[in-house]
Amino acid sequence: MLTFIGLGLYDERSITVEGRRALREADRAYAEFYTSKLLGATVEELESAHDVSIEVRDRAGVEQEPEEMLAAAENENVAFLTAGDTMISTTHVDLRLRAHDRGIETRVIHGVTAQTAASSLTGLQNYRFGKATTLPFPYAHGADGLPASVTETIDANRANGHHTVVYLDIKAERDEYMTADIGAELLAEVYPDLVGVVVARAGSPDPLVAAGTMTELAERSFGDPLHLLVVPGECHLLEADTLVELADADRDALDIV
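All residue numbers refer to position in the chain's written sequence, counted from 1. This being a predicted model, a pLDDT of at least 70 is required before a residue's local features are given, and a value of 80 or more before pairs of side-chain atoms are given or counted; all residues contribute to the totals for chains, interfaces and linings. Derived side-chain values reflect all non-hydrogen atoms in the structure, with water molecules and hydrogen atoms excluded from consideration.

A. A look at the nonpolar core. Here the nonpolar core consists of buried residues drawn from Ala, Val, Leu, Ile, Met, Phe, Trp, Tyr and Cys, with membership extended through side-chain atoms lying within 4.5 Å. Summary of the burial criterion: residues with accessible area below 20% of their type's maximum are buried, those above 50% are exposed, and those between are partly exposed, where the area comes from a 1.4 Å probe applied to protein chains only. With 24 residues, the main nonpolar core has L135, I154, L187 and L229 as its most contacted residues. Helical segments are the DSSP runs of H or I of at least four residues, strand segments are the runs of E of at least two, and each set is numbered from the N terminus. Where this core is concerned, the elements lending two or more residues are helix 8 (148-159), strand 7 (164-168), helix 9 (180-188), strand 10 (195-200), helix 10 (214-217) and strand 12 (227-231). Ranked by residues supplied to this core, first place goes to helix 9 with five residues. Should any heavy atoms of two residues lie within 4.5 Å, those residues are considered in contact. The residues touching L187, leaving out its near neighbours within four places in the chain, are L135, L146, V150, I154, M214 and L229. With 21 residues, the next largest nonpolar core counts L9, V209, A247 and A249 among its residues.

B. Layout of the sheet that holds strand 10. Read from one edge to the other, the open sheet built from five strands follows the order 6-7-12-10-11, with strand pairing classed as mixed. The outermost strands of the open sheet, each flanked by one partner alone, are strand 6 (133-135) and strand 11 (208-213). Taken over all neighbouring pairs, the strand axes of this sheet differ in orientation by 25° on average, direction set aside. Packing of helix 8 onto the sheet brings it into contact with strand 6, strand 7 and strand 12, and relative to strand 6 it is tilted by some 135°. Note on method: axes are straight lines fitted to C-alpha atoms, helices fitted across the in-contact stretch only, with angles between N-to-C directions ranging 0 to 180 degrees. Taken strand by strand, helix 11 (residues 237-247) contacts strand 10 and strand 11, and its axis lies near 110° from that of strand 11. DSSP calls a pair of strands paired once it identifies at least 2 bridges connecting them.

C. Structural detail: helix 9. Within helix 9, seven of the nine residues are buried, leaving the element largely enclosed by the surrounding structure. By the burial criterion, the buried members of helix 9 are A180, D181, G183, A184, L186, L187 and A188.

Spelled out as structure tokens, the structure:
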């Protein structure tokens with residue numbers, strides 16, 4: 001069997017009880033941390049906490065050269081680990097389908113995701129979110145200004161009254177994580193007066209939620225990563241109350257319906 005296990009958002013304790021049991025029962029464990037990582041725990045700390053040995057694979061080792069993992073899963077119980085949830089944003093559906101093509105049984109044990117944490121911490125209702133987008137480092141997309149994928153997503157969601165999660169670029173292999181002030185600075189080029197909400201270190205003991213215009217957020221520091229930004233759309237009264245109370249939002253700047 002090949003079991004996909006989401007490790008959650010922050011450290012070795014963020015995994016679910018079900019995930020912990022499956023990991024400890026596995027004959028082999030592989031992990032990838034090139035799409036995201038647990039900033040509150042090293043691989044060694046994960047191994048110690050769960051009494052396992054973990055082989056970390058790079059992108060090529062997962063996407064182009066998965067043969068070793070698949071061959072092992074034909075005869076053993078193999079765990080494949082990622083931060084967050086293995087099938088949300090950090091998607092490994094292709095690997096799961098490859099396993100099925102070889103007659104290997106698969107299972108998914110979910111972990112907490114950044115998007116659900118953002119909804120919970122901001123008080124913005126999950127069903128009122130539209131399509132999410134990712135804001136890349138300028139060098140990563142090789143063009144001037146914001147990518148159309150970002151502006152079109154934000155604009156379409158706002159036109160429909162929906163909230164937008166803006167994931168901030170991660171280059172885990174380079175230990176480089178876009179912070180919310182840099183993300184806000186990039187967004188302020190097009191949306192200087194647009195209200196954004198920073199969510200920092202979701203899942204950690206000290207998460208932070210802070211609201212302001214993109215221009216204002218660009219001038220602030222939000223501490224250690226991981227960070228993301230939320231652009232509120234139309235806010236229900238309760239959502240607005242929560243943003244004012246928990247994120248110090250300016251009520252007059254919110255679109256309340």
